[in-house]
Amino acid sequence: MKVTLYTIHCPACDILEKKMQKKNIPFTVVDDVNILREKGLDKFSFPLLQINNEPIMKLKEANIWVENYGGNNG
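No experiment lies behind these values; they were computed from the predicted model shown.

Draft legend 1. Seen up close, the overall build of the protein. Broken down by element type, the protein carries 3 helices and 3 strands. In the protein, the succession of helices and strands from N to C terminus is β-α-β-α-β-α. In terms of overall dimensions, the protein is globule-like: its C-alpha atoms have a radius of gyration of 11 Å, near the 11 Å expected for 74 residues. Based on the C-alpha atoms only, the size of the protein along its principal axes is roughly 35 × 25 × 20 Å. Residue burial in the protein is summarised as follows: out of 74 residues, 35% are buried. When the accessible surface of the protein is totalled, it reaches about 4900 Å², and 50% of it is carbon and sulfur.

What counts, and at which threshold
Residues numbered from 1 in each chain as written. Predicted model: local features only at pLDDT ≥ 70, side-chain atom pairs only at ≥ 80, totals over all residues. Heavy atoms only, no water. Helix = DSSP H or I, 4+ residues; strand = E, 2+ residues; numbered from the N terminus. Rg over C-alpha atoms; globule rule 2.2 N^0.38 Å. Buried < 20%, exposed > 50% of the residue type's maximum accessible area, 1.4 Å probe, protein only. Areas by Shrake-Rupley, 256 points an atom, 1.4 Å probe, with all protein chains shown as cover.

Geometric descriptors of this kind do not, in isolation, establish any biological role.
Here it is as structure tokens:
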């Protein structure tokens, strides 16, 4: 499973990242502004989470996924 956290290191981004660390979820951080722009990601939509090649999840969906990690998805 490949988990990618797209972040601008805002407070919400940092909270999601800490939740993922607490759950021992292996993930990669993408915070390079050029990459975020190339993907067309809106600066007001962070944090974003992508699991494998699935569509990118916004904060609410990402939090639910993290909370349920280890169940059906981890």
